[in-house]
Amino acid sequence: MTSLLRAAALRVVATMANPLRAAGQLVLPRQCAGCGLWDTDLCPQCRQLLGRSATLLNSDLLPATDLAIWSQGTYAGALRQIVLSFKSGRHRAITGAVLAGINDGAAAMVPWLACQLARDKPLAIINAPSKLSRRWHANLVARQLAQGLTDFLAPQLDIAVVSADPLRLRSGKQLGKNSRQRAKRQVQCLADATGWQVMLVDDVVTTGATLEASAKAIEAAGGVVVCAWTLAAAPTKKRTARP
């Protein structure tokens with residue numbers, strides 16, 4: 001009798017599981033992380049946004065830094081939604097597409113880097129420092145981007161390319177601060193960077209304050225910052241690519 005009851009219970013559970021699964025799909029259907037199109041994690045049009053060739057931003061329009069900064073798109077519209085989903089961790093299914101887009105877009109940097117880099121020193125690709133909350137939850141967005149760039153650039157360049165995470169924040173939030181206040185953000189480098197050529201990596205650049213503070217920390221530790229790369233650049237009325 002016990003086996004009959006167990007078999008009957010399993011049939012009831014199996015019968016209930018399918019409607020519950022279907023109901024779950026109705027309540028939480030898949031949507032494109034960029035445009036919201038149904039039944040896909042990332043539609044073809046939004047996927048193309050991630051693969052745009054990186055361009056060198058006009059430093060005159062970045063009030064907090066003179067660094068050479070490359071970016072693969074404008075932080076607006078569908079690309080902004082993709083970046084936000086990627087940063088929040090809500091759309092983990094798009095991580096592969098984001099990293100694949102780096103490969104397509106960063107190819108434009110390779111000839112420029114080949115001219116800028118010394119052949120006798122390694123290139124360290126270093127992510128901008130993450131907030132403590134991101135480290136606590138292991139949601140290190142810039143770290144993932146830096147590792148993705150390293151994996152792409154290592155076979156493209158004739159020098160050693162490594163990824164590192166030595167930067168830490170020493171101050172509070174930036175929300176509500178102007179560009180001058182943001183520029184005062186303190187960053188420390190926990191490693192000896194002597195002999196390093198460095199490319200900094202962040203998800204979004206607005207004024208360049210965090211990248212500038214990161215560059216100063218690297219230089220104080222003995223390294224030389226060659227450039228920075230970001231997935232997106234916050235829009236300004238006059239921001240354009242350098243000729």
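Residues numbered from 1 in each chain as written. Predicted model: local features only at pLDDT ≥ 70, side-chain atom pairs only at ≥ 80, totals over all residues. Heavy atoms only, no water.

### Remarks on the overall build of the protein chain
Defined as follows: The numbering of helices and of strands both runs from the N terminus, where a helix is a DSSP run of H or I of at least 4 residues and a strand a run of E of at least 2. Working definition: with a 1.4 Å probe on protein chains only, accessible area under 20% of the residue-type maximum means buried, over 50% means exposed, and in between means partly exposed. Throughout, a residue-residue contact means that at least one pair of heavy atoms, one from each residue, lies within 4.5 Å. Surface accessibility follows the Shrake-Rupley procedure with a 1.4 Å probe radius. Residue values consider only the protein chains on display as shielding.
Scanning the protein chain for helices and strands turns up nine helices and eight strands. Here the protein chain holds 243 residues, and the buried ones make up 44% of them. Pairs at least 24 residues apart make up 74% of the contacts formed inside the protein chain by residues separated by at least 6 positions. For the protein chain, the accessible surface area stands at approximately 13,200 Å², while carbon and sulfur atoms represent 55% of it.

### What to know about the confidence of the model for the protein chain
Worth spelling out the cut-off: Think of pLDDT as the predictor's per-residue confidence, scored from 0 to 100.
Residue-level pLDDT values for the protein chain average 85, and 79% of them are 70 or greater. The element-level mean pLDDT for the protein chain is lowest in helix H1 (residues 2-27), coming to 46, with strand E3 (residues 123-127) highest at 98. The model gives residues 1-18 a pLDDT under 50, and that stretch makes zero contacts with residues more than four places away or in other chains. Within the model, the stretch residues 20-26 combines pLDDT values under 50 with zero contacts to residues more than four positions away or in other chains.

### What about the sheet that holds strand E2 (residues 69-71)?
The line we're drawing: Any two strands are treated as partners once DSSP identifies two or more bridges connecting them. Axis definition: a line fit to C-alpha positions, over the contact stretch in the case of helices; interaxial angles, taken between N-to-C directions, run 0 to 180 degrees.
Read across the sheet, six strands follow the order E1-E2-E8-E7-E3-E4 without closing on themselves; strand pairing throughout is mixed. If you trace the sheet from one side to the other, it starts and ends with strand E1 (55-56) and strand E4 (161-164), each paired once. On the sheet, helix H9 (residues 209-220) packs against E2, E3, strand E7 (197-205) and strand E8 (224-233) and is oriented at approximately 160 degrees with respect to E7.

### A short note on the pattern of salt bridges
To keep it simple, the criterion reads: When a carboxyl oxygen of Asp or Glu lies within 4 Å of a side-chain nitrogen of Lys or Arg, that pair is called a salt bridge.
Following the criterion strictly, the structure yields five salt bridges and no others. Put simply, Asp-158 and Arg-119 hold a salt bridge, and the shortest N to O gap is 3.4 Å. Taken together, the residues span a long stretch of sequence, with Asp-158 in the loop between helix H7 (141-153) and E4 and Arg-119 in the loop between helix H5 (110-116) and E3 at a distance of 39 residues. A relative accessible area of 61% means that Arg-119 is categorised as exposed. Between Arg-168 and Asp-165 there is a salt bridge; the shortest N-O distance is 3.6 Å. Accessibility expressed as a relative area gives 24% for Arg-168, which makes it partly exposed. Overlapping salt bridges bring together Arg-135, Asp-165 and Arg-168 as one network.

### Overview of the packing of helix H4 (residues 95-106) against H7
Put simply, the test is: Reported orientations rely on four angle classes, namely roughly parallel under 35 degrees, roughly antiparallel over 145, roughly perpendicular from 65 to 115, and oblique for the rest. Take the far helix as your reference; a near helix turned counterclockwise from it by less than a right angle gives a left-handed crossing, and one turned clockwise gives a right-handed crossing.
In the contact formed by H4 and H7, the axes pass within 9 Å of each other and the chain directions differ by 50 degrees. Considered as vectors, H4 and H7 are oriented oblique to each other. H7 is crossed by H4, and the crossing has right-handed handedness. Of H7, the residues touching H4 (which contributes Thr-95, Val-98, Leu-99, Ile-102, Asn-103 and Ala-106) are Gln-144, Leu-145, Gly-148, Leu-149 and Phe-152.

### Regarding the side chain of Thr-230
Inclusion rule: Here a polar contact is recorded for every N or O atom pair within 3.5 Å, except that within protein the pair must consist of a potential hydrogen donor and a potential acceptor, and residues adjacent in sequence are included only if both atoms are side-chain atoms.
Summarising the element assignment, Thr-230 is placed in strand E8. A relative accessible area of 0% means that Thr-230 is categorised as buried. A distance of 3.3 Å separates the side chain of Thr-230 from the side chain of Ser-71, its partner in a polar contact. Not counting residues up to four positions away in its chain, the partners in contact with Thr-230 are Ile-69, Trp-70, Ser-71, Gln-72, Asp-202, Asp-203, Val-204, Val-205 and Leu-211.

### Let's talk about the nonpolar core
Here is the rule we go by: Only buried Ala, Val, Leu, Ile, Met, Phe, Trp, Tyr and Cys residues count toward a nonpolar core, and they belong to the same one when joined by side-chain atoms within 4.5 Å.
Counting residues in hydrophobic clusters, the biggest one holds 44 residues, and the most contacted among them are Leu-149, Met-199 and Trp-229. Of all elements in the fold, only helix H2 (44-50), helix H3 (77-88), H4, H5, E3, H7, E7 and E8 reach the threshold of two or more residues within this core. Among all residues touching Met-199, those that are not within four sequence positions of it are Met-109, Leu-113, Leu-123, Ala-124, Ile-125, Ile-126, Leu-149, Leu-153, Cys-227, Ala-228 and Trp-229. One finds Leu-67, Ile-126, Leu-167 and Ala-233 within the second-largest nonpolar core, a separate group that totals 23 residues.

### Describing the packing of aromatic side chains
For the record, the criterion: What counts as a ring pair is set by centres within 6.5 Å for rings of Phe, Tyr and Trp (its six-membered ring), and what kind of pair is set by the plane angle: stacked under 30 degrees, edge-to-face over 60, tilted for all other angles.
The tally for this structure, following the rule as stated, stands at one aromatic pair. Each ring, one from Trp-70 and one from Trp-112, has its centre 5.6 Å from the other, and the planes form 70 degrees; the classification is edge-to-face. In this pair, Trp-70 sits in strand E2 while Trp-112 sits in helix H5, placing the two residues 42 residues apart along the sequence. For Trp-70, a relative accessible area of 7% gives the class buried.

### Let's talk about H9
An α-helix turns once per 3.6 residues; consequently, residues spaced three or four apart project the same way. Heads up, the condition is: A helix's residues, less one, multiplied by 1.5 Å, set its expected span.
Under the 1.5 Å per step criterion, the end-to-end length of H9 is 17 Å for twelve residues, consistent within 8% with the ideal 16 Å. Counted residue by residue, H9 has nine buried out of twelve residues, so it is predominantly covered. All of the buried residues along H9 are Ala-209, Thr-210, Leu-211, Glu-212, Ala-213, Ser-214, Ala-215, Ala-217 and Ile-218.

### Observations regarding H7
Its 13 residues place the ends of H7 19 Å apart at the C-alpha level, agreeing with the 18 Å of an ideal helix rising 1.5 Å per residue. For H7, a buried count of ten out of 13 residues is recorded, marking the element as mostly surrounded by other parts of the structure. Restricting attention to buried positions, one finds in H7 the residues Val-141, Ala-142, Arg-143, Leu-145, Ala-146, Gly-148, Leu-149, Thr-150, Phe-152 and Leu-153.

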